[in-house]
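Listed below are the residues making up each chain.
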Amino acid sequence: MSMQDRSLGDLARRIPGATRVFHDYQLDFCCGGKHSLREAAQSRGVDGAVIEARLRALAEMPANTRDWSDAPARELIDYILVRYHDVHREQMPELIRLARRVEDVHGDRPECPTGLADLLRDMRQELESHMQKEEQVLFPLLARGMGAMAGAPIAVMRMEHDDCGVELRRIEALTRDITLPRGACNTWRALYLGLRAFREDLMDHIHLENNVLFENALQPAAPAAH
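Criteria and thresholds
Residues numbered from 1 in each chain as written. Predicted model: local features only at pLDDT ≥ 70, side-chain atom pairs only at ≥ 80, totals over all residues. Heavy atoms only, no water. UniProt positions renumbered as here; feature names shortened; annotations may be inferred. Helix = DSSP H or I, 4+ residues; strand = E, 2+ residues; numbered from the N terminus. Rg over C-alpha atoms; globule rule 2.2 N^0.38 Å. Buried < 20%, exposed > 50% of the residue type's maximum accessible area, 1.4 Å probe, protein only. Contact = heavy atoms within 4.5 Å. Lys, Arg positive; Asp, Glu negative; His and termini not counted. Charge placed at Lys NZ, Arg CZ, Asp CG, Glu CD. Salt bridge = Lys/Arg side-chain N within 4 Å of Asp/Glu carboxyl O. Phe/Tyr/Trp six-rings, centres within 6.5 Å; stacked < 30°, edge-to-face > 60°. 1 Å grid on protein atoms, 1.4 Å probe; cavity = no way out; pocket = protein on both sides within 12 Å on 5 of 7 lines; lining within 4 Å. Points joined across faces, edges and corners; volume = space filled by probe spheres on them. Nonpolar A, V, L, I, M, F, W, Y, C, P; charged D, E, K, R; others polar. Bend = angle between axes of the 7 residues up to and from the residue. Axes fitted to C-alpha atoms, helices over the stretch in contact; angles between N-to-C directions. Parallel < 35°, antiparallel > 145°, perpendicular 65-115°, else oblique. Left-handed = near helix turned anticlockwise from the far one by under 90°. Expected span 1.5 Å × (residues − 1).

Labelled according to an unreviewed UniProt entry, the chain appears under the name Iron-sulfur cluster repair di-iron protein, originating from Bordetella genomosp. 1. Turning to the chain, the UniProt record has this under Subcellular location (unreviewed entry): "Cytoplasm".

Next up, the structure:
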């Protein structure tokens, strides 16, 4: 199969560093991970051949990031909890504070992301609820190897991941794709720097769950050896 006909989720899972390339071209490999590279490139109006060339170069390099595709569920869950759940809980309050400050001071400017603070506040509440459901219900099941019983909660988490993707698009619309206006103050700069980091972290987080943890959990058990 041509690399351009493989799904973004599969490429992100199999090629260390692919997610960085997808970030560069704003290809949604988390919620949109089922789309092929060809489809995603065409929808963004970018050259899929250029992206493929970068991915092939990465695939030929020695791996410099962890490949989680064959990791035990418990190990991957522990990583997700520390690297993403804990980090999001640190990121969100400060992003809300910065957004509120920018709106209070620069609300008369047309470039001001009016409504961003409220959007982030609501997103924080939804994300916290989502992470608690994973921590209290789904992750314990998967850590015990009970993926066969987790189809329903996984389906719910996937739908909520899609909702996160919608919220990210709303953030991008309010911020002109997180692009600083001319003469932005330091608070505005800090806000957009934090938003870019949050966007990348959240997309990587969703990718690891949707395309690795959940996919592995839903694979049929191998037949017992005789």
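Q: Outline the overall build of the chain, supporting the account with residue identities and numerical values.
A: When helices and strands are counted, the chain shows eight helices and zero strands. In sequence order, the secondary structure elements of the chain are arranged as α-α-α-α-α-α-α-α. What you see for the chain is a C-alpha radius of gyration of 19 Å, in line with the 17 Å of a compact globule of 226 residues. Across its three principal directions, the C-alpha atoms of the chain cover 75 × 45 × 30 Å. Counting across all 226 residues of the chain, residues that qualify as buried make up 43%. At a minimum sequence separation of 6, the contacts of the chain that also span at least 24 residues come to 76%. Here the chain contributes 29 positively and 36 negatively charged side chains, and the mean placements of these two sets differ by 2 Å.

Q: I'd like a rundown of the pattern of salt bridges, residues and numbers included.
A: Counted under the stated rule, the structure contains 21 salt bridges. The partner of Asp10 in a salt bridge is Arg14, and the shortest N-O contact between them spans 3.7 Å. Here Asp10 and its partner Arg14 are both found in helix α1 (residues 8-14), four residues apart, which amounts to about one turn of the helix. Overall, the relative accessible area of 44% leaves Arg14 in the partly exposed class. Across the salt bridge formed by Arg170 and Glu167, the nearest N and O atoms sit 3.5 Å from each other.

Q: With reference to specific residues and values, describe the environment of His130.
A: Take His130: it is sitting in helix α6 (residues 116-143). Non-local contacts of His130, meaning those with residues more than four positions away in its chain, are made with Met157, Glu160, His161 and Glu209.

Q: How would you explain the packing of aromatic side chains if you had to name every residue and give the values?
A: The final tally for this structure, using the stated rule, is four aromatic pairs. When the centroid spacing of 6.3 Å and the interplanar angle of 85° are considered together, the rings of Trp188 and Tyr192 count as edge-to-face. Of the two residues, Trp188 and Tyr192 are both situated in helix α8 (residues 186-217); the distance of four residues between them amounts to about one turn of the helix. Pair check on accessibility: Trp188 and Tyr192 agree, each one buried. Clustering of aromatic rings is evident, with ring pairs tying together Trp68, Tyr79 and Tyr84.

Q: How would you summarise the layout of surface pockets if you had to cite specific residues and measurements?
A: If you add up the space inside the second largest pocket, you get close to 250 Å³. His23, Gln26, Glu172, Asp177 and Arg199 are, among the 13 residues lining the second largest pocket, the residues nearest its centre. Looking at which element gives the most residues to the lining of the second largest pocket, the answer is α8, with four residues. Counted by class, the lining of the second largest pocket contains three nonpolar, two polar and eight charged residues.

Q: Outline α6, supporting the account with residue identities and numerical values.
A: A bend of about 40° at Glu135 is the largest found in α6. Gly145 sits one or two residues past α6 and shows a positive phi near 75°.

Q: Describe in detail the packing of helix α7 (residues 151-174) against α8, supporting the description with residues and values.
A: As a packed pair, α7 and α8 sit with axes 11 Å apart at the nearest point and diverge in direction by 160°. As far as their axial angle goes, α8 and α7 are roughly antiparallel. Seen from above, α7 lies across α8 with left-handed handedness. Two secondary-structure elements touch here, α7 through Ile154, Met157, Arg158, His161, Cys164, Leu168, Ile171 and Glu172 and α8 through Leu195, Phe198, Arg199, Leu202, Met203, Ile206, Glu209, Asn210, Phe214, Glu215 and Ala217. Broken down by class, the residue content of the contact of α7 with α8 amounts to twelve nonpolar, two polar and five charged.

Q: Give a description of α8 that names residues and reports values.
A: With 32 residues, α8 ought to run about 46 Å at 1.5 Å a step, and its terminal C-alpha atoms sit 44 Å apart, in line with that. Most pronounced at Glu209, the bend in α8 amounts to some 30°.

Q: Residue-level account of the environment of Glu111, with values.
A: With respect to the secondary-structure elements, Glu111 resides in the loop between α5 (73-106) and α6. Excluding anything up to four places from it in sequence, Glu111 contacts Arg176, Pro181, Trp188 and Tyr192.

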